[in-house]
Amino acid sequence: MPVVKANAYGHGAIQAAQTLIQHGVTRLAVFSTAEGVVLRQAGVTVPIVTLGPVFPQQINALFSYRLTPVVSDCSTLESIAQHAASQATRWPIHLKVETGMGRLGLSERELESVINTQKFPSSLHLEGLMSHFADSDGPDSIATEEQLRRFNRAIRVVVDGGFHVPLIHLANSGGVIRVPSSHFTLVRPGIMLYGYHTLPSTVPAPDLQPVLSLTTHIAQLRTIQPGGTVSYNQTFTAQRLTRIAILPIGYADGLSRRLSNRGHVLIRGQRVPIVGLVCMDMVMVDVTTLPDTTIGDEVVLIGQQGNERLTAGDIAQWAGTISYEVLCAISPKIPRLYHPS
Ligand SMILES: *Cc1c(COP(=O)(O)O)cnc(C)c1O
């Protein structure tokens, strides 16, 4: 069950969903009801599981667009059950149990009350049972093993309660790669689909290749004298005669302002530094070492150019974050172009 939330980690939810389905995927996960509606309106017909919370005002859309909710609390279970009572068949839901993430999910006691009292709503079909790892990409697997033990206890509670639950799922990308005993009947890979992982280097990981490149073009070039400054608040002062390229991409496009005077881009196969503060729609780079550069030259922010390569992981390091955030920050206003492999 691939995870295509957050616009498929910035890659474009509709195209990602369609491509995954072409490759044999039969069920998708998103975060919100709204994300599920977007996929349905684009013609996606496979079951779509919404991982996030469901508010009462979203329940109509949930049913109209045939979305499968993850239910993490008793009051949501009740309101979905009420709505499902007017449906022709039992409505599929997945229950989420809390095993150590400290986020959404039924506690052990809540699960027992839902399962054991035989009060489970007859309008609902308990199709799935799930939880979520907090530290599957951590330096060791101690917390992950404990979550796995708690999840197995929850499965026991449900089985002993007389339920047959067809879909049992726990593993995110870290779990997929590192914890085979967490695979059960479904896995929920997200970041690894897009060619990244955040596992420690000591863990053997598959050779994943980033599928996304982010490029722009040089809009203007200018030469500034020693002592000249670049961008807002004069945080960069030229020490020599300096050639500056102006690029039409900025923090409104998802290029973090934390890359100011820190990040690099590729031009003509060379790494060149960002100088000055990243602006809303523009950023400047120092191309003094590339005298042949001209207006219109391709600029790579993520991807390969010549023998050089930049990844979302590189940007994440400069900006003090993780590849996940770099990818989902890429604004929907940037056109996505898809190349069949
Ligand atoms: C985002 C998410 C995933 C996918 O996580 P990755 O680390 O990107 O593989 C899986 N399950 C849930 C509940 C999530 O929220």
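Being a predicted model, the structure only gives us computed values, none of them experimental.

(A) Layout of the overall build of the protein chain. Looking only at helices and strands, one finds ten helices and 16 strands in the protein chain. Each principal axis of the C-alpha atoms in the protein chain carries an extent, and together these give about 80 × 40 × 40 Å. Nonlocal contacts in the protein chain, meaning residues at least 24 apart in sequence, comprise 62% of its contacts between residues at least 6 apart. Of the accessible surface of the protein chain, which amounts to about 16,400 Å², a share of 53% is contributed by carbon and sulfur atoms. Each charge class in the protein chain was averaged separately, 26 positive and 24 negative side chains, and the resulting centres sit 2 Å apart.

(B) Focus on the site of the ligand. Around the ligand, the surrounding shell holds 14 residues, and the nearest of these are K5, Y9, S173, I191 and Y324. One of the side-chain nitrogen or oxygen atoms of K5 is found 2.6 Å away from an oxygen atom of the ligand. In the environment of the ligand, a nitrogen atom lies 3.5 Å from a nitrogen or oxygen atom belonging to the side chain of H132. When the free accessible area of the ligand is taken as 390 Å², the share hidden by the protein chains comes to 93%. Residue classes in the shell around the ligand are distributed as seven nonpolar, four polar and three charged.

(C) Spotlight on the pairing of strand β11 (residues 242-247). Across the six residues of β11, five count as buried, placing the element largely inside the fold. In this structure, strand β8 (residues 220-224) lies alongside β11, joined through five bridges in antiparallel fashion. Its bridge partner being in β11, R222 is matched across the sheet by I244. Here four bridges tie β11 to strand β14 (residues 283-286), and the two strands are oriented antiparallel to one another.

(D) Quick look at the sheet that holds strand β6 (residues 167-169). Spatially, six strands are ordered β1-β2-β3-β4-β5-β6 in an open sheet, and the strand pairing comes out parallel. Only two strands of the sheet have a single partner each, and these edge strands are β1 (28-30) and β6. Each strand axis lies, on average, 30° off the axis of its neighbour in the sheet, ignoring direction. Helix α7 (residues 142-160) rests against β5 (124-130) and β6 of the sheet, and its axis sits at about 160° to β5.

Rules of the game
- Residues numbered from 1 in each chain as written.
- Predicted model: local features only at pLDDT ≥ 70, side-chain atom pairs only at ≥ 80, totals over all residues.
- Heavy atoms only, no water.
- Helix = DSSP H or I, 4+ residues; strand = E, 2+ residues; numbered from the N terminus.
- Contact = heavy atoms within 4.5 Å.
- Areas by Shrake-Rupley, 256 points an atom, 1.4 Å probe, with all protein chains shown as cover.
- Lys, Arg positive; Asp, Glu negative; His and termini not counted.
- Charge placed at Lys NZ, Arg CZ, Asp CG, Glu CD.
- Near = heavy atom within 4 Å.
- Polar contact = N/O pair within 3.5 Å; in protein donor to acceptor, adjacent residues only side chain to side chain.
- Nonpolar A, V, L, I, M, F, W, Y, C, P; charged D, E, K, R; others polar.
- Buried < 20%, exposed > 50% of the residue type's maximum accessible area, 1.4 Å probe, protein only.
- Pairing = 2+ DSSP bridges.
- Axes fitted to C-alpha atoms, helices over the stretch in contact; angles between N-to-C directions.

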